[in-house]
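# Examination of the molecular architecture
Given next are the chains, with one letter for each unit.
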Amino acid sequence: MNSQTNRLNGGLVDQGQSLSFTFDGKRYQGHPGDTLASALLANGVRLMGRSFKYHRPRGVLTSGSEEPNALVELRSGGRQEPNTRATVAELYDGLQANSQNRWPSLKRDVLSVNDLFSNFLTAGFYYKTFMWPKAFWEKLYEPIIRNAAGLGRVSGEDDPDAYDKGFLHCDLLVIGAGPAGLMAALTAGRAGARVILADEDFVLGGRLNAESFELGGMAGSDWAAQAVAELSAMDNVRLLPRTTVIGAFDHGIYGAVERVADHLPTPAEGQPRQIMWRIYSKRALLCAGAMERPIAFANNDRPGIMMAGAVRAYANRWAVTPHQQVAVFTNNDDGHRTAADLIAKGVQVSAVIDTRADAPAVEGAELFAGAQVIGSKGRLGLETVTIRTAQGFTRDIICGGLAVSGGWNPNVHLTCHQRGRPQWDENLAAFVPGETLPVGMSVAGAAAGAMSTHGAVQTGAEGAIAALGDLGITAKAGDLPQAEDAPVNLQPFWHVSEGKGRAWLDQQNDVTVKDVKLAHQENYVSVEHLKRYTTLGMATDQGKTSNMGGLAVMAEMTGKSIPETGTTIFRPPYTPVPMGTLAGRAVGRHFHPVRQTPSHKWATEHGAVFTEVGDWLRAQWFPQPGETHWRQSVDREVLQTRASVGVCDVTTLGKIDVQGADAAAFLNKIYANGFAKLAVGKVRYGLMLREDGIAYDDGTAARLAEDHFVVTTTTANAVLVYRQMEFARQCLWPDLDVQLISTTEAWAQYAVAGPNSRALLEKIVDDVDLSSEAFPFMACAEITVCGGCRARLFRISFSGELAYEIAVPTRYGDALMRRLMEAGEEFDVVPYGTEALGVMRIEKGHAAGNEMNGTTTALNLGMGRMVSKKKDCVGNTLSERDGLNMADALRLVGFKPVDANETVAAGGHLMNADGPVDAAHDQGYVTSAAYSPVLQSSIGIGYLKNGAERMGEVLRLANPLEGSEVKVEVVSAHFVDPEGGRQRA
Amino acid sequence: MHKLKPITPLGGTEPKVDSFPGLTITENPTRALASLSARLGHESDCATKARDLIGVDLPGPGQTAAGQTYSAIWIGPDSWMIDADHASHEILAAELKAAVGDTASVVEQTDGWCRFDVSGPAVCDLFERLCNVDIRAMQAGTATRCSIHHIGCYLWCHEAGTAFSVLGLRSSAGSLHHGLVEIAQAVCTA
Amino acid sequence: MIINHPLLGPRDAQEFVYLGDATLIERPDWQAENAAEAFHDYLYLRDNPAGAHRELWYHEQGDRSWLVVTRNTLTHEITSVELARDVARAKGRGR
C-alpha cells in the first residue's frame, strides 16, 4: 500500500494526511508540509531531470532555492510554469509536474547522445564551431541549437492569474527567518519597532527546522514555532513567509516577491498569484544564512548525490531519506552531523569519507579519514562510490545516497547589490560580507559568518539593537536562548583530481573542472570572462552552488589565492521572478490608464470609432449607416462642417490657468511672440520655442482679466509644457508674481465650426451678442449657456471656418453635447472626429505635431517674424544662429499632385524635376497629407528649401520605400480660404 | 436653474457604490473644489483672509484643515485646494475670490477631479497595493499626492486606518475605479 | 532612491522627473555682448563629475516643486536637497 519507501518517522510533515500528485504522469502520495522534491524522494524517485547541455540524468542536489538540477514544469495550460525548482514547490493535492529537457521520456532521452560527444561540446564550443560558413548560422546551426537548447517550455497560452504590486514601510526589515532573523525580529518587535520579517520558505525557522539540536531547551523547530507565534501576535510586526527578498536597491528600498497562491491548485477568486513588494526600510538586517557547497569529483552528478545539509534537512524536516544506505563525503565537521542524524533516524550510513587526515571519530559508521571519493557508479541513480583511502587503496562503497559537504558559504548576495564586494574569511574558507554594505543594511548570523546557532541568535539580537539604536529606538537584549556553539572545523577542499570521468562544478550549465581548465589555457583568466566563456554560474540558479568551486579551480590554475581571483558581480534578482510578477496589473487593456473625454458616453452611443492620443480616447470619426470605408465618414464630416456646422470635442488640449500681477510678463517670456499688449477679452495664438530656438509647442492664450490668462497646449505636450512653465516660474524668474494650475480636466470644451456655428450657438447662449461686431474673431468671454450654466466662449478656429470653442464645467459636458446636437438639427449639424479635424487643419495649412517635429524653427514654419527681438523669451537668442537662418532654409508650403488621381504621401522626400534622387539632392519632405474632399484631391503640406519662392514649381515626391515617385506642384499651404475671410465672417 | 443635467465622473446619474467584505468604495460627486494660491508678497494677507472665510488656519505641507463649511488641503508651496459642498457652493471659486481679492489666485477645480471615498477595516490593505504612501502611518487630517494605477491622485485621510478619500483626474475616473475595485477584490478575499 | 524633500520629507525618486545639471538655473543675460556664445555654453556644455553633482529634479507626482539635489553620481548618496526657487534667488535670479 505505502509506496513511500524512503519515508522516515517524525518530521514537520503531517503524516496523518495524504496528498496525491503526479510526476511525468505517474501518481504518487505525499503529505502536507512536503515539497515536490521531498515527496518524490519519499517515493524512491531520485531521477528528476536531464541536464541542459549533455542531457545527463540528474537528481535533486539541495533542499532550497539554490537547486540547480531538479527543475520541473509545474501545472499545465495557461498556468504551466517551466523551470520550477522541485525543492521549493509546496505539495498540494492534485499537483501535476513533468520533467524537462528530455524526449521521449526521462529515463530514455534521445539527446543524451550529446553526452557521448562531450569532447566536442566543451567550453566555448559555440564560439569556436559556428564561426563559418556565415550563411550556415541562420539556416542550419541556429535552428538545430534552438531545438535542442533550453530547459522548460511555456504553453503559449495566456496566464489566467493576476499579479499584484505593493508598497510596505518599516523601521527594520529582517531578511531571513532562521535563528538570527527570528531573534532579531523578536528583539525589535518587543521594542515596539515596525518590523517586517521575510523568508522565502513556507515554514519560518530556517535551519532550525532542518537540524536536530536544541535551542532554548526545546527542539529548534519548536523554538521557531514559538517565536513565530509571539511575532504573529504583535501589531507592529509583519510576517512575510513565502517571500523572497530579491534585491537591495538605493536608500533602503528592497524588492520582495511574495508567493501568495503558488502553494494552491489555483488562486482564490480575485486573489493574486504573487505580489511584488517594494519595501521602504529605515534599516535592514540580512539574516539570509549560508549555503552549502559541493566537492567536485568524477561523476559527482549521479542522482542520489546530494548536499549533506540537504540530506539532513530531508531527514529531520521532511522525514525522508534519498536511500536506505547513505554515505557521507566531507571536508568539515558539519558533514558528520548528517551521519549522526541519519543514524538516529535509522538510516544505514555505509561510510563517512573525510578528506581530513585528523577527522573526528564517527559513532555507528565506518570512517575513512584522509580519503577521497574518486568516482561513482549506477545507471540513472547512485549505486556505489569508489574511494581512495588514505593508505592509497581503492574501495567501492555501496550507497544509494551520498551526502557531500565542502563547507558553507555565507549568503552575501544582497550585500553586493550596490556594488559592494565580499571579503575572504580564512577560517571559513568563504566570502563574508565586505565593509561596504548597502546604506542602512547590516548582517547577522551565518550570512555574517557566525555559523553556530548561538552565534546566530546573539548576532541577530545585537544586530537589531544596533539598527534600532540608529533610529533612536531602544531595544533590550534580554536573555539569549541556550544554543550549541560549535566552531567551524574545515580544511578547504574543492575538487578531487583523480578519477575517470568528468567532475561537475556547475550542474545546471554542465560545466566541469576540465572546462575551467580549458578556459584558463585559452587565457580566460578574469572570472567575468570565465563565466561568459564557460556559462559557469548562469541561468536560474546563478551559480549558487557552483561559483566557489569554479573560482577555486581558476585560482589553482593561476597560482593565485581565491580572494585574488575575485568573484563575479551579484545582481538582482536573488531567485528568478516570473514575468507576470514584474508586469503586475498593467497588462492588456489596463496597460495604462485611459482618459475619457466629456462626450465619451455620447460618442459611444453614436458609434464613434475611437483612437488613442496619449492616454486619451478620442472619437476618430462617426460612421453612419451605409458607410463602409472610413474615408466616406471623414469626407462627409469635413464637407458638412464646411457647408454648415460641425462639433468636435477638444477637451484634450492642455489648459493651464495663469494668474498673477505678472501673468502677462511671464507669458512674454515663455512665448516667442508678445502678450503684454493683448486686451482683456481677446485670444492670441502663441508659439513656444525651446531654448535652442527650435519650435516646441503652440496654442492660444485667452486673457480673461488683466491678471488672468488661460493658455492651451497641444494634447501631446500638455504635461511637458506645464513642467517647462513651472521650471521657468521657479528656476528662471522666481520673483515674477505668477501662479499656475492645470484646468484641462475641469472644463468640457467643444469646437463648433462652420458657417452656421454662430446661428447654432445663438440658440445656446444666454443673452450674448455673438455678432462679429460684439464678439469678433479671437474674442473670448465668460458667459452662461442653457439658462445659467457658467461657460467660457472663445472665437478661435482650427478649421479655418467661422468657429468657436465653448467650455462648461465637465459634469455638464455630456448634456451640452446633447443640447448642441439637438439645437443643431435644423442646420444638419455633424459631430466630427480627429480625422476630419486633421483634414481641415491640413486644408488650412495649420501646423501640428508633424510640423513641430523637434527639428523645425519658427522661420521654417513661416512664423519667423513672430519671434520678438524686443524682449527676452525662451529660445529667441539661439533662434538667431546662422545655421537656423540660411537663405535656402526650409519653408512650410503645400503640395498638390499634378495628376489629381495621384496621392501625396506623408514622409516622402522632395526632389527637383530632374536629376538624381538621393540624399544629396534632397529638397525637403512632406510632413502631413490627406485627401481633401473640398478640393477633391490628395494634398500635403511640408518643408521645402526656400519654399516660399518656389510656388508653381513641379517637383518629384520620392518614396523609395514603396518605390513610388509622384509629380507634385508647390502651392500655398493654405488650400482653403487663404485670405482667412471665413473665420472672420 | 439651467437645463444641463450633470453626470458623475463614472458617467452615471447616481454615484456608484461598490461594497466588499471590509471595504466600501463610494463615488462622491458632491464636493466643490477651488485652488487657492497666494500672490507673491501677499502670503500673510492671503492666509488671514482665507482664515476669515474658512474659520481655521491654512494647513502646512502634508496637512489639511477643516472648518465648518470649508476644508483646505495643502497642495504645494503657498497653494491649497479648498473643498466645500457642491450643492450649496457650486460657485466656490467665486466665493473664495471675493474673500481673498488680489491676495491670491483662485481657480475652479471642481470638475478636474473625481473623488472616491474608501472606508472600512481593509482600507490599508487596499492602498498598500495601490500606492507607495505609508498608509498605516497616515494620521487623520493629513493628505498627500501619490500615483495610483499611473494616475496622479490626492489621498486624504479622514480617520486613520479606516476612512480615506482619493481624488484623481476626472477623465481617468474609469481607470481609477477599475484599479480600486480590482485590488479590493484581491484584498477582500479571505 | 529616496529624495528628502525639504517640505514633504523622504519621497521615492519615482515621483520625480529628472532634468539635469542645476546650472540650467543660471540662464545667461539675453542682452549681453556675447549672449549667443553664453547661451550656447549654457545649453550644451555640461560637467560630468564622478562624485557630487547638483541637479534639478521636479516633483511632478507631488507638490510640483523644482528641487536642486546634490547627489554623488558614484554612490547615489544625496547630501542636500533645496527648493530650486531658493537656489535661483540666491543666484540672483528675479524677474
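Residues numbered from 1 in each chain as written. Chains lettered and ligands numbered in written order. Predicted model: local features only at pLDDT ≥ 70, side-chain atom pairs only at ≥ 80, totals over all residues.

Scanning chain A for helices and strands turns up 20 helices and 50 strands. Relative to its full complement of 985 residues, chain A shows a buried share of 56%. By sequence separation, contacts in chain A at least 24 residues apart represent 66% of the contacts at least 6 residues apart. (Helix = DSSP H or I, 4+ residues; strand = E, 2+ residues; numbered from the N terminus. Buried ≥ 20, exposed ≤ 12 C-beta atoms within 10 Å, placed from the backbone. Contact = placed C-beta atoms within 7 Å.)

How big an interface is tends to be reported as the loss of accessible area on association of its parts. Across the boundary between the two partners, chain B contributes 10 residues, which contact nine residues of chain C. Counting residues per element, the ones that place at least two in the side of chain B that touches chain C are strand 5 (71-76) and strand 9 (143-148) of chain B. For the side of chain B that touches chain C, the residue count by class is four nonpolar, five polar and one charged. (Nonpolar A, V, L, I, M, F, W, Y, C, P; charged D, E, K, R; others polar.)

With that settled, consider the packing of helix 4 (residues 179-190) of chain A against helix 5 (residues 220-232) of chain A. All names here are of chain A. Where helix 4 meets helix 5, the axes come as close as 10 Å, and the angle between the chain directions of the two elements is 30°. By the angle class used here, helix 4 and helix 5 are roughly parallel. For the element pair helix 4 and helix 5, the recorded crossing hand is left-handed. Together, Leu182, Ala185, Leu186 and Gly189 of helix 4 and Ala224, Ala227, Glu230 and Leu231 of helix 5 make up the contact between the two elements. Of the residues contributing to the contact of helix 4 with helix 5, the split by class is six nonpolar, one polar and one charged. (Axes fitted to C-alpha atoms, helices over the stretch in contact; angles between N-to-C directions. Parallel < 35°, antiparallel > 145°, perpendicular 65-115°, else oblique. Left-handed = near helix turned anticlockwise from the far one by under 90°.)

Next up on the list: the pairing of strand 42 (residues 789-794) of chain A. The side chains of a regular strand alternate between the sheet's two faces. Residues and elements named next belong to chain A. By the bridge criterion, six bridges tie strand 41 (residues 780-785) to strand 42 in an arrangement that is antiparallel. Within the sheet, the bridge partner assigned to Val785 lies in strand 42 and is Cys789. If you look at the hairpin formed by strand 41 and strand 42, you'll find three residues sitting between the two strands, and Cys786 has a positive phi there, around 55°. Taken together, the three bridges between strand 42 and strand 43 (residues 803-809) define a ladder with antiparallel strand orientation. (Pairing = 2+ DSSP bridges.)

A few words on the confidence of the model for chain C. Within chain C, residue pLDDT values average 97, and 100% of them lie at 70 or more. Overall fold confidence for the complex sits at a pTM of 0.95, while the interface term, ipTM, reaches 0.99. (pLDDT = per-residue confidence, 0-100.)

For the rest of this paragraph, the subject is the interface of chain B and chain A. Listed per partner, the contact involves 39 residues of chain B and 44 residues of chain A. Residue contributions to the side of chain B that touches chain A peak at six residues, all from helix 4 (residues 173-187) of chain B. Tallied by class, residues from the side of chain B that touches chain A come to 11 nonpolar, 18 polar and 10 charged.

For the rest of this paragraph, the subject is the packing of helix 9 (residues 513-521) of chain A against helix 11 (residues 547-558) of chain A. All names here are of chain A. The contact between helix 9 and helix 11 brings their axes to 10 Å, and the two run at 45°. Relative to helix 11, helix 9 is oriented oblique. Crossing geometry of helix 9 relative to helix 11 is assigned as right-handed. Across the interface between the two elements, Val513, Val516, Lys517 and His520 of helix 9 pack against Gly550, Val553, Met554, Met557 and Thr558 of helix 11. Of the residues assigned to the contact of helix 9 with helix 11, the class counts are five nonpolar, three polar and one charged.

In this section: the environment of Val711 of chain A. Residues and elements named next belong to chain A. Positionally, Val711 belongs in strand 38 (residues 708-713). Taking the C-alpha atoms as reference points, Val711 and Gly699, 12 residues apart in sequence, are found 7.0 Å from one another. If we ignore the near neighbours within four places in the chain, the residues touching Val711 are Ile656, Val658, Gly686, Gly699 and Ala701.

Let us now look at the sheet that holds strand 22 (residues 384-388) of chain A. All names here are of chain A. Spatially, three strands are ordered 21-22-23 in an open sheet, and the strand pairing comes out antiparallel. In the strand order of this sheet, the two ends are held by strand 21 (372-377) and strand 23 (394-398), each with one partner. The sheet shows a mean angle of 30° between the axes of neighbouring strands, direction not considered.

Attention now goes to the environment of Glu979 of chain A. Looking at the secondary structure, you find Glu979 of chain A in the segment after strand 50 (964-971). Overall, the presence of 7 C-beta atoms within 10 Å leaves Glu979 of chain A in the exposed class.

This next bit is on the sheet that holds strand 47 (residues 924-932) of chain A. Residue and element names in this part refer to chain A. One closed barrel accounts for six strands, arranged 45-48-47-46-49-50; its pairing is antiparallel. Neighbouring strand axes in the sheet, compared pairwise and without regard to direction, differ in orientation by 45° on average. Of the strand pairs in this sheet, strand 49 (residues 954-959) and strand 50 are connected by six bridges, and their pairing is antiparallel. Note on strand 50: the bridge partner recorded for Leu955 is Val968. Packed onto the sheet, helix 20 (residues 834-844) meets strand 47 and strand 48 (937-945) and runs at close to 120° relative to strand 47.

With 269 residues, the main nonpolar core has Leu172, Val174, Ala184 and Val752 of chain A together with Ile82 of chain B as its most contacted residues. The element best represented in this core is strand 8 (residues 163-175) of chain A, accounting for eight residues. Setting aside anything within four residues of it in sequence, one finds Leu172 of chain A in contact with Ala188, Ala193, Val195, Ser281, Arg283, Leu285, Ala464, Ala467 and Leu468 of chain A. Ile305, Ala310, Phe329 and Phe368 of chain A belong to the second-largest nonpolar core, a separate cluster that totals 87 residues. (Core = buried A, V, L, I, M, F, W, Y, C linked by C-beta atoms within 7 Å.)

What follows is about helix 10 (residues 527-534) of chain A. Within helix 10 of chain A the residues assigned to the buried category are Val527, Leu530, Lys531, Tyr533 and Thr534 of chain A. If you follow the buried residues of helix 10 of chain A, they end up packed against strand 30 (511-512), helix 9, helix 11 and helix 12 (562-565) of chain A.

This part takes up unusual backbone geometry. All names here are of chain A. Residues Pro572 and Pro573 are joined by a peptide bond in cis, for which omega reads -5°. When you line up the elements, Pro573 lands in the loop between helix 12 and helix 13 (579-583). Unlike most non-glycine residues, Asp24 shows phi in positive territory, near 50°. Looking at the secondary structure, you find Asp24 in the loop between strand 1 (19-23) and strand 2 (26-30). What makes Asp24 partly exposed here is the crowd of 16 C-beta atoms within 10 Å. Even without a glycine there, the phi angle at Gln936 is positive, about 50°. Tracing the backbone shows Gln936 in the loop between strand 47 and strand 48.

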